[in-house]
Amino acid sequence: MNYPARPTWVDVDLSAIQHNLQQAFSLCSPTQRVLAVVKADAYGHGAIPVTRALQDFGICDFAVATLEEALALRRAGISDHLLVLGGCFSGQEAVFLEFNLMPTLLDVDTALRLNAQALKRKQQIKVHLKVDSGMGRVGFLPQQLEDFLPQLCSMDGLIVEGFMSHLACADDLDSAVTVAQRNQFLLLLQMVRDAGLQPREIHLNNSAGLSAWDCPECTLSRPGIMLYGGLPGPVFSTKLNLQPVMHLRSCVAQLRRLPAGSGISYGHSYHAPRDMLVAVLPIGYADGYNRLLSNRGQGILHGQKIPVIGRVCMDWTLVDVSHISGVKVGDCVTLLGSADGLSITGDEWAEQLDTISYEVFCRIGSRVPRRYLPVS
Ligand SMILES: *Cc1c(COP(=O)(O)O)cnc(C)c1O
């Protein structure tokens, strides 16, 4: 049956991704390629359409977080290099080999399992060896790497295709941590080469690293958030010229005239200070419209900002449109992104919620359909 959907959706502006990718290219050295990070459903933008668009823009290296995310891309016919940042968990080895997926190699045990599975199948598997150069999260610590290298060199089922690390403080432009991490990274790279390994790909920089720190040794950079128009940190607001990709919109379902003094939504956390015109939007926290935006969020309607009033509910949100002329049921309100020359950026939301734009984007719920605006 054909019927119109609830009028709440996300517009994903693919030409904005193209623009942001150009920004990433302009920060890469001439010999570096972009490995586009499309984990978490491309930060909530939709991994398959976004990956296809990035392919059209010339990208052929991608990274996801999990095996499931990688398989979804393979099922969609995406046959490019796919790096699984979360590594290969016990029991997943055969699937990695079957679907030609590259795990990030984070520990000795996984290396043993992958090697055994590859040899059993008379195959080899490419891995990206990850070192902890100071991030303090995952990967081989320097001493572990030194102890492991002779054994790794003897594993005929493994090809050490890549050598990588991750920066902890790249959004701090004068971070001594980053300087130390870069030095450690290069030292460990030399150790790996001295052991006789020749990783073809070397990579360190996420969006913040790419925006602030050169890596002449690197063959790849790994931008994520900047492709989606989010700043990798507040310090980059003047340095990077990014366009928002995600635009969250919801259309007025009902208009209600309420007398002064009316209590609004759960808990009556808001009382109408005067006679008001209130618009009801069919969106709520189940769609990722965060409940912490109760009495704080904003929308854009007819070229003006309108405030969210009362508690955000699971499926409904109320906005004050008293000052907007000519509002009708069906008019579209933009809650994130831009409209009529105004914008509400992911970074602005994030500041209100005491988080980062990454979380804002990837929390927009799966209930909200994504529409893809073609490249103009
Ligand atoms: C998520 C991730 C990235 C991308 O980071 P951004 O800050 O979004 O650019 C790069 N590398 C690794 C290992 C990651 O987990």
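Residues numbered from 1 in each chain as written. Predicted model: local features only at pLDDT ≥ 70, side-chain atom pairs only at ≥ 80, totals over all residues. Heavy atoms only, no water.

**Considerations on the side chain of threonine 110**
Piece 1. Its place among the elements puts threonine 110 in helix α6 (residues 108-120).
Piece 2. Of the polar contacts made by the side chain of threonine 110, one reaches the side chain of aspartate 107; its length is 2.8 Å.
Piece 3. Not counting residues up to four positions away in its chain, the partners in contact with threonine 110 are Cys88 and Leu105. (Helix = DSSP H or I, 4+ residues; strand = E, 2+ residues; numbered from the N terminus. Polar contact = N/O pair within 3.5 Å; in protein donor to acceptor, adjacent residues only side chain to side chain. Contact = heavy atoms within 4.5 Å.)

**Here we look at the state of the cysteines**
Piece 1. This structure, assessed with the given rule, holds 1 disulfide.
Piece 2. Sulfur-sulfur distance for the disulfide between cysteine 215 and cysteine 218 comes to 2.2 Å. Every disulfide takes its handedness from the sign of the S-S torsion; for cysteine 215 and cysteine 218 that torsion is 60°, giving right-handed.
Piece 3. A relative accessible area of 4% places cysteine 215 in the buried class. (Disulfide = S-S within 2.5 Å. Buried < 20%, exposed > 50% of the residue type's maximum accessible area, 1.4 Å probe, protein only.)

**Here we look at the pattern of salt bridges**
Piece 1. According to the stated counting rule, one finds 14 salt bridges in the structure shown.
Piece 2. Linking aspartate 11 and arginine 371 is a salt bridge whose minimum nitrogen-to-oxygen distance equals 3.1 Å. On the criterion of sequence distance, the pair formed by aspartate 11 in strand β1 (residues 8-13) and arginine 371 in strand β20 (residues 370-373) is long-range, its members being 360 residues apart.
Piece 3. With relative accessibility at 42%, the residue arginine 371 sits in the partly exposed group.
Piece 4. Note that arginine 121 and glutamate 98 form a salt bridge whose closest N and O atoms lie 3.3 Å from each other. Of this pair, arginine 121 sits in the loop between α6 and β6 (125-130) while glutamate 98 is found in helix α5 (residues 93-98), placing the two residues 23 residues apart along the sequence. (Salt bridge = Lys/Arg side-chain N within 4 Å of Asp/Glu carboxyl O.)

**So, the domain arrangement of the chain**
Piece 1. Taken domain by domain, the chain holds domain 1 (31-228) and domain 2 (246-373).
Piece 2. Averaged C-alpha coordinates put domain 1 and domain 2 at centres separated by 39 Å.
Piece 3. With 8 residues of domain 1 at the contact, the number on the domain 2 side is 7 residues.
Piece 4. Summing both sides of the interface, domain 1 and domain 2 together bury roughly 720 Å²; the carbon and sulfur share of this comes to 66%.
Piece 5. Here domain 1 and domain 2 share 0 salt bridges between them.
Piece 6. Where domain 1 packs against domain 2, one counts 2 residue pairs in polar contact (both at pLDDT 80 or more).
Piece 7. A total of 3 residues in the side of domain 1 that touches domain 2 trace back to one element, the largest contributor, which is helix α2 (residues 39-44).
Piece 8. For the side of domain 1 that touches domain 2, the class distribution of residues is 5 nonpolar, 3 polar and no charged. (Domains from an automatic or database assignment. Buried area = accessible area lost by both parts, 1.4 Å probe. Nonpolar A, V, L, I, M, F, W, Y, C, P; charged D, E, K, R; others polar.)

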